[in-house]
Amino acid sequence: MSPTSMSPIAGPKPSIILDCDPGHDDAIAIVVAARHTNLLGITTVAGNAPLSLTTRNALIMTDLLGLDTPVHSGAERPLVAPPRHAGYVHGASGLDGADLPDPSRPADSDHAIDFIIDTCRSTEGVWLVPIGPMTNIALALRAAPDLAHRIAGISLMGGGTFGNRTAAAEFNLWADPEAAAMVFEYGGPLIMSGLDVTHQFQATPPRIDAVRAVPGRLAELLADLLTFFSHTYTTRHDDMGGAAVHDPIAVMALTHPDLFTRVARHVVIETRGEHTRGMTLIDQRALIERHPPNCDVLTHVDDDAAFAVITEAIAAFSR
Ligand code: RIB
Ligand code: CA
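Residues numbered from 1 in each chain as written. Chains lettered and ligands numbered in written order. Predicted model: local features only at pLDDT ≥ 70, side-chain atom pairs only at ≥ 80, totals over all residues. Heavy atoms only, no water.

### Some words on the site of ligand 1
No. 1: Taken together, the neighbourhood of ligand 1 is formed by Asp 21, Asp 25, Asp 26, Asn 48, Ile 131, Met 157, Asn 164, Glu 170, Phe 171, Asn 172, His 246 and Asp 247.
No. 2: Against a free-state accessible area of 280 Å², the protein chains account for coverage of 97% of ligand 1.
No. 3: Only α1 (24–36) and α6 (171–175) provide two or more residues apiece to the shell around ligand 1.
No. 4: Here the residues of the shell around ligand 1 are counted per class, giving three nonpolar, four polar and five charged. (Near = heavy atom within 4 Å. Areas by Shrake-Rupley, 256 points an atom, 1.4 Å probe, with all protein chains shown as cover. Helix = DSSP H or I, 4+ residues; strand = E, 2+ residues; numbered from the N terminus. Nonpolar A, V, L, I, M, F, W, Y, C, P; charged D, E, K, R; others polar.)

### Observations concerning the nonpolar core
No. 1: Counting 58 residues, the largest nonpolar core has Leu 18, Val 129, Phe 201, Leu 222 and Ile 314 as the members making the most contacts within it.
No. 2: Here this core gets eight residues from one element, more than from any other, and that element is α1.
No. 3: If we ignore the near neighbours within four places in the chain, the residues touching Val 129 are Ile 16, Ile 17, Leu 18, Asp 19, Ser 155, Ala 250, Val 251 and Leu 254.
No. 4: Judged by nonpolar contacts, the second largest core, of 34 residues, contains Cys 120, Met 134, Leu 173 and Val 183. (Core = buried A, V, L, I, M, F, W, Y, C linked by side-chain atoms within 4.5 Å. Buried < 20%, exposed > 50% of the residue type's maximum accessible area, 1.4 Å probe, protein only. Contact = heavy atoms within 4.5 Å.)

### Details of helix α11 (residues 248–255)
No. 1: Within α11, eight of the eight residues are buried, which leaves it mostly tucked inside the rest of the structure.
No. 2: Those residues of α11 that fall on the buried side of the exposure criterion are Pro 248, Ile 249, Ala 250, Val 251, Met 252, Ala 253, Leu 254 and Thr 255.

### Description of the coordination of the calcium ion (ligand 2)
No. 1: The coordination sphere of the calcium ion (ligand 2) contains the protein donors Asp 21 (OD), Asp 26 (OD), Asp 26 (OD), Ile 131 (O) and Asp 247 (OD), at a distance range of 2.2 to 2.6 Å.
No. 2: Motif for the calcium ion (ligand 2), donor spacing along one chain: D-x4-D-x104-I-x115-D. You can see Asp 21 sitting in the loop between β1 (15–20) and α1 and its partner Ile 131 sitting in the loop between β4 (126–130) and α5 (135–143), a full 110 residues away along the chain. You'll find Asp 21 and Ile 131 in the same group, each marked buried. (Donors = N, O, S within 2.8 Å, 3.2 Å for Na, K, Ca; no water.)

Here you go:
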């Protein structure tokens with residue numbers, strides 16, 4: 001029986017391991033996961049920033065939320081691709097824009113892959129929720145193929161019918177296409193929260209104001225972070241009113257499924273294309289020749305309701 005407990009959402013909380021590269025939207029995903037899931041652990045990966053910084057940022061978030069959730073650092077570079085980061089979006093620290101405290105503790109280990117394997121073998125029904133490059137998940141699946149039929153599934157943020165790091169590829173998959181391909185081929189339940197749905201979920205000024213209106217230091221810091229994050233979006237995109245808050249969508253796909261529309265699709269990752277490396281090729285053909293689905297692709301979010309989930313989660317940790 002998987003460890004669950006009742007939560008504000010209907011039904012038992014899903015047990016998850018959140019694999020992340022904080023990252024402003026990762027930070028918000030940690031808040032939602034802490035509020036609405038049985039958060040077994042946080043594993044960190046290089047992505048938005050180098051591993052030392054994504055790990056530092058995850059630890060800072062556990063401090064701000066008063067969590068004793070274990071934090072294990074993992075891969076400091078992709079399987080094949082060179083390490084590449086996103087300071088142009090998240091700043092040099094990976095979490096620029098707020099006066100954040102130093103972490104109060106070190107990471108529990110630098111063996112995230114072992115933590116993932118051991119936890120999924122000892123605990124039934126664990127969801128893996130990767131919201132950065134999927135290097136840790138791929139390494140765990142390669143080292144322990146039995147995980148494919150032990151875990152409840154994988155709910156990931158990444159991909160889409162368009163890219164952000166290139167015209168074809170979204171950052172998480174672009175950063176480590178080989179890892180992403182292993183995840184999409186693993187054979188178990190898979191939920192993809194790609195740019196098509198996450199760009200519907202923007203931290204507009206009224207929504208940031210709603211966060212800032214929550215009493216307490218946590219809300220003030222998160223509003224500052226969202227303000228910084230949104231500035232890097234609105235100044236770089238022609239048509240966005242705020243940052244796409246990508247990562248909490250992969251968590252809410254599990255905790256608040258009724259907020260989303262999804263379609264079953266066959267998705268493969270391009271790993272060799274000169275112009276398309278890291279692309280999710282989503283088979284949308286209305287033809288009998290289409291490939292059988294391997295993935296639920298989220299296509300729409302009730303963005304007002306979903307942002308209310310975030311604001312309530314922040315308020316819950318601000319009491
Ligand atoms: O492309 C958006 C994704 O890349 C998000 O997970 C963001 O945090 C970055 O990791
Ligand atoms: Ca991320």
